[in-house]
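What the coordinates show
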Amino acid sequence: DTQIKLFKNQVPQVVLVTSAAVERNAIIGDDQQLREQQIPIVKLNPNKVLDWMYAGEGVVRDSGLSYTIVRPTQLKSDEEYLQEDALLDIQQGDYIAGRIGLPQLAYVVAATAKEPLAIGKTFEVTKNEQNYATGKSMSMSSFRRAFKGLAADWERPKFDLPALPVVVIPGEEAPLLEEKNAVQEAEQWVAAWMEAKNSAAPV
């Protein structure tokens with residue numbers, strides 16, 4: 001197997017957890033009409049959190065380190081989601097929605113961190129809540145099969161997946177920019193006052 005030979009005795013150096021919907025959000029961009037048709041987190045995108053998460057993904061991809069990016073769906077802390085054992089859906093293309101518990105996400109990250117077949121790949125993960133999934137769980141062999149079937153980020157078109165959208169760093173919001181300018185003006189005023197005071201001091 002080419003992937004096994006290529007990454008033999010290696011594991012991801014970085015496992016980054018972001019969120020499902022970051023790719024959808026990046027594709028939508030400034031299209032407000034399309035945004036209104038999306039799930040709530042994409043529709044609202046509070047404080048551009050999805051933009052910043054996606055920008056963070058770009059930094060990791062460009063870092064030169066071996067990596068895996070895990071995008072969980074909505075995180076839940078209800079009792080039914082606190083069991084580590086659960087059957088999980090691992091997909092690509094950023095189209096799935098659902099819920100996943102923190103222990104289940106931690107299990108995914110732990111499995112990813114020691115699996116060479118996960119290197120260079122980005123995927124979404126959610127708890128499988130179909131009736132047939134009840135009582136079932138993931139083993140390391142289950143994760144290996146799932147990871148083996150995923151496309152590396154640089155070969156997505158070979159798997160009929162669109163290339164990842166270009167990263168756009170969110171601009172500073174106007175209120176933040178005004179606050180920053182006010183601080184700079186205050187610093188300049190203090191510096192000028194101190195200079196004038198020092199120049200007027202007796203020798």
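Residues numbered from 1 in each chain as written. Predicted model: local features only at pLDDT ≥ 70, side-chain atom pairs only at ≥ 80, totals over all residues. Heavy atoms only, no water.

Some details on the pairing of strand 2 (residues 67-72)
Where burial is concerned, most of strand 2 is hidden: six out of the six residues are buried. Judged by which residues are buried, strand 2 turns out to be covered on both faces: Tyr67, Ile69 and Arg71 on one side and Thr68, Val70 and Pro72 on the other are all buried. Here four bridges tie strand 1 (residues 14-17) to strand 2, and the two strands are oriented parallel to one another. The residue of strand 2 that forms the bridge with Leu16 is Ile69. Pairing analysis gives five bridges linking strand 2 to strand 6 (residues 121-127), with the strands arranged parallel. What sits directly across from Ile69, in strand 6, is Thr122. (Buried < 20%, exposed > 50% of the residue type's maximum accessible area, 1.4 Å probe, protein only. Helix = DSSP H or I, 4+ residues; strand = E, 2+ residues; numbered from the N terminus. Pairing = 2+ DSSP bridges.)

So, the layout of surface pockets
Empty space within the largest pocket amounts to approximately 370 Å³. Gly29, Asp30, Arg35, Lys48 and Asp51 are, among the 17 residues lining the largest pocket, the residues nearest its centre. For the lining of the largest pocket, the secondary-structure elements that each account for two or more residues are helix 2 (22-28), helix 3 (32-35), helix 4 (40-44) and helix 5 (49-61). The class makeup of the residues in the lining of the largest pocket is eight nonpolar, four polar and five charged. Its volume calculated, the second largest pocket comes out at about 220 Å³. Secondary-structure elements contributing two or more residues to the lining of the second largest pocket are helix 4 and helix 5. It is helix 5 that provides the largest number of residues to the lining of the second largest pocket, a total of three residues. Across the lining of the second largest pocket, the residue classes tally to 11 nonpolar, four polar and one charged. (1 Å grid on protein atoms, 1.4 Å probe; cavity = no way out; pocket = protein on both sides within 12 Å on 5 of 7 lines; lining within 4 Å. Points joined across faces, edges and corners; volume = space filled by probe spheres on them. Nonpolar A, V, L, I, M, F, W, Y, C, P; charged D, E, K, R; others polar.)

Considerations on the pattern of salt bridges
Throughout the structure, instances matching the rule amount to 10 salt bridges. One salt bridge in this structure joins Glu57 and Arg71, with 2.8 Å as the shortest N-O distance. Taken together, the residues span a long stretch of sequence, with Glu57 in helix 5 and Arg71 in strand 2 at a distance of 14 residues. Ionic pairing is found between Asp153 and Arg61, a salt bridge with its closest N-O pair at 2.9 Å. Of the two residues, Asp153 is situated in the loop between helix 7 (140-148) and helix 8 (174-200) and Arg61 in helix 5; the sequence distance between them amounts to 92 residues. Overall, the relative accessible area of 10% leaves Asp153 in the buried class. (Salt bridge = Lys/Arg side-chain N within 4 Å of Asp/Glu carboxyl O.)

Notes on the packing of aromatic side chains
Where two aromatic rings form a pair, the distance of their centres and the angle of their planes describe that pair. The full count for this structure, using the stated rule, is three aromatic pairs. Relative to Phe143, the ring of Tyr107 lies with its centre 5.4 Å away and its plane at 85°, an arrangement referred to as edge-to-face. Within this pair, whereas Tyr107 is found in helix 6 (residues 102-113), its partner Phe143 is found in helix 7, the two being separated by 36 residues in sequence. On the basis of relative accessibility, which here comes to 0%, the residue Phe143 falls in the buried class. Aromatic pair Phe143 and Phe147: ring centres 5.9 Å apart, planes at 25°, arrangement stacked. With a gap of four residues between them, Phe143 and Phe147 both fall in helix 7, about one helical turn apart. Just as Phe143 is buried, Phe147 falls in that class too. Within the aromatic cluster, the residues linked to one another by ring pairs are Tyr107, Phe123, Phe143 and Phe147. One Lys or Arg, Lys127, reaches over the ring of Tyr81 and ends 4.9 Å from the middle of that ring. (Phe/Tyr/Trp six-rings, centres within 6.5 Å; stacked < 30°, edge-to-face > 60°. Lys NZ or Arg CZ within 6 Å of the ring centre and 35° of its normal.)

Taken by themselves, the reported measurements are silent on function.
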